[in-house]
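Chains, contacts and geometry: an overview
Listed below, chain by chain, are the residues.
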Amino acid sequence: QVQLVESGGGLVQPGGSLRLSCAVSGNIFRIYAMGWYRQAPGKQRELVATIAPSGTTDYLNSVKGRFTISRDIARSTVYLQMNSLRPEDTAVYYCTAALSQLAPPDYWGQGTQVTVSS
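Description of the structure in this document. (Residues numbered from 1 in each chain as written. Predicted model: local features only at pLDDT ≥ 70, side-chain atom pairs only at ≥ 80, totals over all residues. Heavy atoms only, no water.)

Right, let's get into the pattern of salt bridges. Taken as a whole and judged by the stated rule, the model has four salt bridges. Its salt-bridge partner being E46, residue K43 comes within 3.9 Å of it at the nearest N-O pair. For K43, a relative accessible area of 41% gives the class partly exposed. A relative accessible area of 19% means that E46 is categorised as buried. D89 is the partner of R66 in a salt bridge, and the nearest nitrogen-oxygen pair spans 2.7 Å. With a gap of 23 residues between them, R66 in the loop between strand 6 (57–59) and strand 7 (67–72) and D89 in the loop between strand 8 (77–82) and strand 9 (91–98) connect regions that are remote in the sequence. (Salt bridge = Lys/Arg side-chain N within 4 Å of Asp/Glu carboxyl O. Buried < 20%, exposed > 50% of the residue type's maximum accessible area, 1.4 Å probe, protein only. Helix = DSSP H or I, 4+ residues; strand = E, 2+ residues; numbered from the N terminus.)

Its place among the elements puts S21 in strand 3 (residues 18–26). For S21, a relative accessible area of 16% corresponds to the buried category. Ignoring anything within four residues of it in the chain, the contact list for S21 reads V5, E6, S7, W36, T77, V78 and Y79. (Contact = heavy atoms within 4.5 Å.)

Before going further, it helps to spend a moment on the nonpolar core. Grouped together as the largest cluster of nonpolar side chains are 29 residues, with contacts concentrated most on L4, M34, W36, L80, M82 and Y93. Residue assignment for this core shows that the elements contributing at least two residues are strand 1 (2–7), strand 3, strand 4 (33–39), strand 5 (46–51), strand 7, strand 8, strand 9 and strand 11 (112–116). (Core = buried A, V, L, I, M, F, W, Y, C linked by side-chain atoms within 4.5 Å.)

Below, the discussion takes up the sheet that holds strand 7. Sheet strands line up and pair through hydrogen bonds in the backbone, either parallel or antiparallel. Taken in spatial order, the four strands line up as 1-3-8-7 in an open sheet, and their pairing is antiparallel. At either end of the open sheet lies a strand with only one pairing partner, and these are strand 1 and strand 7. Averaged over all neighbouring strand pairs, the angle between strand axes comes to 15 degrees, with direction disregarded. The pairing of strand 7 with strand 8 spans six bridges and is antiparallel. Bridge pairing in strand 8 links I69 to L80. (Pairing = 2+ DSSP bridges. Axes fitted to C-alpha atoms, helices over the stretch in contact; angles between N-to-C directions.)

Written out as structure tokens, the structure reads:
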């Protein structure tokens, strides 16, 4: 019903930047909110950022001031701009879509690996 395809991951040096993209297709009208999760080895899955229908954003405390979630409705794309990357940001990042308020994600992308290392 909704397809999410992430891109933009890769290997970067500490302090570097990456921009993740999530191409959204299918029944886009059903989507309430978009988000990004990440999961690193040995750590629990974390909600990194969300963007609500109003455009209001929210962030994991550890990424505030460094990451920015945004959307381009015309391009059916959501982004996660990641600056000042740290080794602890290393994880698989997942784009998600939720169909209702206060609900867990209904759709997940397959993930894109972000590795921050010297």
